[in-house]
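Spelled out from the first residue to the last, the chains are:
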Amino acid sequence: MHSHENTDDQANGLRRMSKQMVKVISVTGGKGGVGKTNVTLNLAMALAQLGKRVLVLDADLGLANCDVMLGLRVDKNLSHVLSGEAELDDVIIDGPFGIKIIPATSGSQNMTELAPAEHAGLIRAFSELKTPVDILLVDTAAGISDMVLSFSRASQDVMVVVCDEPSSITDAYALMKILSRDHGVEKFKIVANMVRSLKEGQELFAKLTRVTDRFLDVNLELVATIPYDENVRKAARKQKAFVDAFPRSPASMAVKSLALKTAKWPLPASASGHLEFFLEQLVQPQTDRGLV
Ligand SMILES: Nc1ncnc2c1ncn2[C@@H]1O[C@H](COP(=O)(O)OP(=O)(O)O)[C@@H](O)[C@H]1O
Ligand SMILES: [Mg+2]
């Protein structure tokens, strides 16, 4: 029977994949335009400079995709892997500083609404991944879609990028509320972006914790304060990451210090450190997800 074959394939795939211990970090924010893609790519490159093997999964279907931002050419994406037309290794493109990128699927492919055969395909694809990976960074879309929620839930660390704007703060709050109440995520790493000073970053963090402490059962940590920096937009115009184009700019220095911290975050000793766990969580149907 078909379902049996799929189950066997999945089990075998998972066993092979369990050899790769990968740190999975999702970069979220709730709101668009807060700097998620910039944080993801620049952090990826700063981590690569520290010797980490980094894979970026572009899970944002918006216009400013990772490949577009870096001016990279994309032939195939994850949808070709799901349909069996390509291997995952063939879809991965090389970015600057040796980072690897899985380009966003074009169209509306929702990872949480895959057919069982596609689940098997995705897991098999990752299990056969030859590219060695230490850290998988997931650049999520704006909004609080099922896809954003499943990526965040499946990751070991959830970074929430916020700016000092009411809409960014309310969207970040709404995201953390749903993740904590319905998906068992209680720890969040806050990145204060586009702030004018360290102090503004700390005040932004204080604003956020005032509401979360009062209404949610969550634990927030301010992991980075990235200043507003004209070099970010200048780099974008050159289709380069700012850590590449302007390595000594204030934003670059902030991202590099975030990379130093991130590189030290320990891998959990449990099964959740394996890529298989990430994928299992990711492709689990919504109805199977109880509260942890
Ligand atoms: N620290 C910063 N300083 C100045 N501009 C920034 C900074 N971070 C992001 N930007 C700008 O904000 C816009 C949104 O960034 P982007 O990374 O695409 O956000 P998102 O992925 O959250 O939609 C871009 O035009 C980018 O150049
Ligand atoms: Mg983006």
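Described in the following lines is the structure provided in the data block. The shown structure was predicted, so the numbers you read here are calculated from the model rather than taken from an experiment.

1. A word on the pairing of strand β2 (residues 54–59)
Buried residues dominate β2, accounting for 6 of its 6 residues. The side-chain alternation of β2 yields two buried faces, one formed by V54, V56 and D58 and the other by L55, L57 and A59. Pairing geometry for β2 and strand β5 (residues 135–140), over 6 bridges, is parallel. Its bridge partner being in β5, D58 is matched across the sheet by D139. In this sheet, strand β4 (residues 100–102) lies alongside β2 in parallel orientation, the contact comprising 3 bridges. If you follow L55 over to β4, its bridge partner there is K100.

2. With respect to the sheet that holds strand β1 (residues 23–28)
Spatially, 8 strands are ordered β3-β4-β2-β5-β1-β6-β7-β8 in an open sheet, and the strand pairing comes out mixed. Lying at the two open borders of the sheet, with one neighbouring strand each, are β3 (93–94) and β8 (219–227). As defined by bridge partners, β1 adjoins strand β6 (residues 157–162) across 4 bridges and the pair is classed as parallel. Each residue of the ladder has a partner; that of I25, found in β6, is D157. Packing of helix α12 (residues 250–264) onto the sheet brings it into contact with β1, β6, β7 (187–195) and β8, and relative to β8 it is tilted by some 145°.

3. Looking at the pattern of salt bridges
Overall, the coordinates contain 10 salt bridges when judged by the stated rule. A salt bridge links R53 to D134; the nearest nitrogen and oxygen atoms lie 2.9 Å apart. Placement of the pair is R53 in the loop between α2 (36–49) and β2 and D134 in the loop between α6 (116–127) and β5, with a sequence separation of 81 residues. Taking the relative accessible area as the measure of exposure, D134 reaches 22% and is therefore partly exposed. K189 is paired through a salt bridge with E221; the nearest N and O atoms lie 3.7 Å apart.

4. Observations regarding the side chain of D58
Summarising the element assignment, D58 is placed in strand β2. One buried charged residue, D58, forms no salt bridge at all, with the nearest opposite charge on K36 at 10 Å. Among the polar contacts made by the side chain of D58, one reaches the main-chain amide nitrogen of C66 at a distance of 2.9 Å.

5. Focus on α2
What sets the pattern is the α-helix's 3.6 residues per turn: residues three or four places apart point alike. The first and last C-alpha atoms of α2 sit 20 Å apart over 14 residues, in line with the 20 Å expected at 1.5 Å per residue. Counting buried residues along α2, 12 of its 14 residues qualify, which places the element largely inside the surrounding structure. Turning to α2, its buried residues number three or more, namely K36, T37, V39, T40, L41, N42, L43, A44, M45, A46, L47 and A48. Following α2 by one or two positions, G51 adopts a phi angle in the positive range, close to 95°.

6. What to know about the site of ligand 1
Within the structure, ligand 1 sits among 15 residues, and G33, K36, T37, N38 and D229 are positioned closest to it. A distance of 2.8 Å separates an oxygen atom of ligand 1 from a polar side-chain atom of K36. Its free accessible area being 570 Å², ligand 1 has 85% of it covered by the protein chains. Judged by its atoms lying within 2 Å of the grid points, ligand 1 is housed in the second largest pocket. Looking at the shell around ligand 1, the elements with two or more residues in it are α2, β7, β8 and α10 (230–237). The biggest single contributor to the shell around ligand 1 is α2, with 3 residues. By residue class, the composition of the shell around ligand 1 is 6 nonpolar, 6 polar and 3 charged.

7. What to know about the layout of surface pockets
A volume near 460 Å³ is recorded for the second largest pocket. Around the second largest pocket, the lining comprises 25 residues; the ones closest to its centre are G33, V34, G35, N38 and M194. Secondary-structure elements contributing two or more residues to the lining of the second largest pocket are α2, β5, β7, β8 and α10. Examining the composition of the lining of the second largest pocket, we find that 4 residues originate from one element, α2, more than from any other.

8. Section: the packing of helix α7 (residues 146–154) against helix α8 (residues 166–183)
Contact geometry for α7 and α8: axes closest at 11 Å, N-to-C directions at 65°. Our pair here, α7 against α8, has a crossing hand that is right-handed. Judged by residue contacts, V148, L149, S152 and R153 of α7 engage L175, I178, L179 and H183 from α8. When grouped by side-chain class, the residues that make up the contact of α7 with α8 number 5 nonpolar, 2 polar and 1 charged.

The rules we used
Residues numbered from 1 in each chain as written. Chains lettered and ligands numbered in written order. Predicted model: local features only at pLDDT ≥ 70, side-chain atom pairs only at ≥ 80, totals over all residues. Heavy atoms only, no water. Buried < 20%, exposed > 50% of the residue type's maximum accessible area, 1.4 Å probe, protein only. Helix = DSSP H or I, 4+ residues; strand = E, 2+ residues; numbered from the N terminus. Pairing = 2+ DSSP bridges. Contact = heavy atoms within 4.5 Å. Axes fitted to C-alpha atoms, helices over the stretch in contact; angles between N-to-C directions. Salt bridge = Lys/Arg side-chain N within 4 Å of Asp/Glu carboxyl O. Lys, Arg positive; Asp, Glu negative; His and termini not counted. Polar contact = N/O pair within 3.5 Å; in protein donor to acceptor, adjacent residues only side chain to side chain. Expected span 1.5 Å × (residues − 1). Near = heavy atom within 4 Å. Areas by Shrake-Rupley, 256 points an atom, 1.4 Å probe, with all protein chains shown as cover. 1 Å grid on protein atoms, 1.4 Å probe; cavity = no way out; pocket = protein on both sides within 12 Å on 5 of 7 lines; lining within 4 Å. Sits in = over half its atoms within 2 Å of the grid points. Nonpolar A, V, L, I, M, F, W, Y, C, P; charged D, E, K, R; others polar. Points joined across faces, edges and corners; volume = space filled by probe spheres on them. Left-handed = near helix turned anticlockwise from the far one by under 90°.

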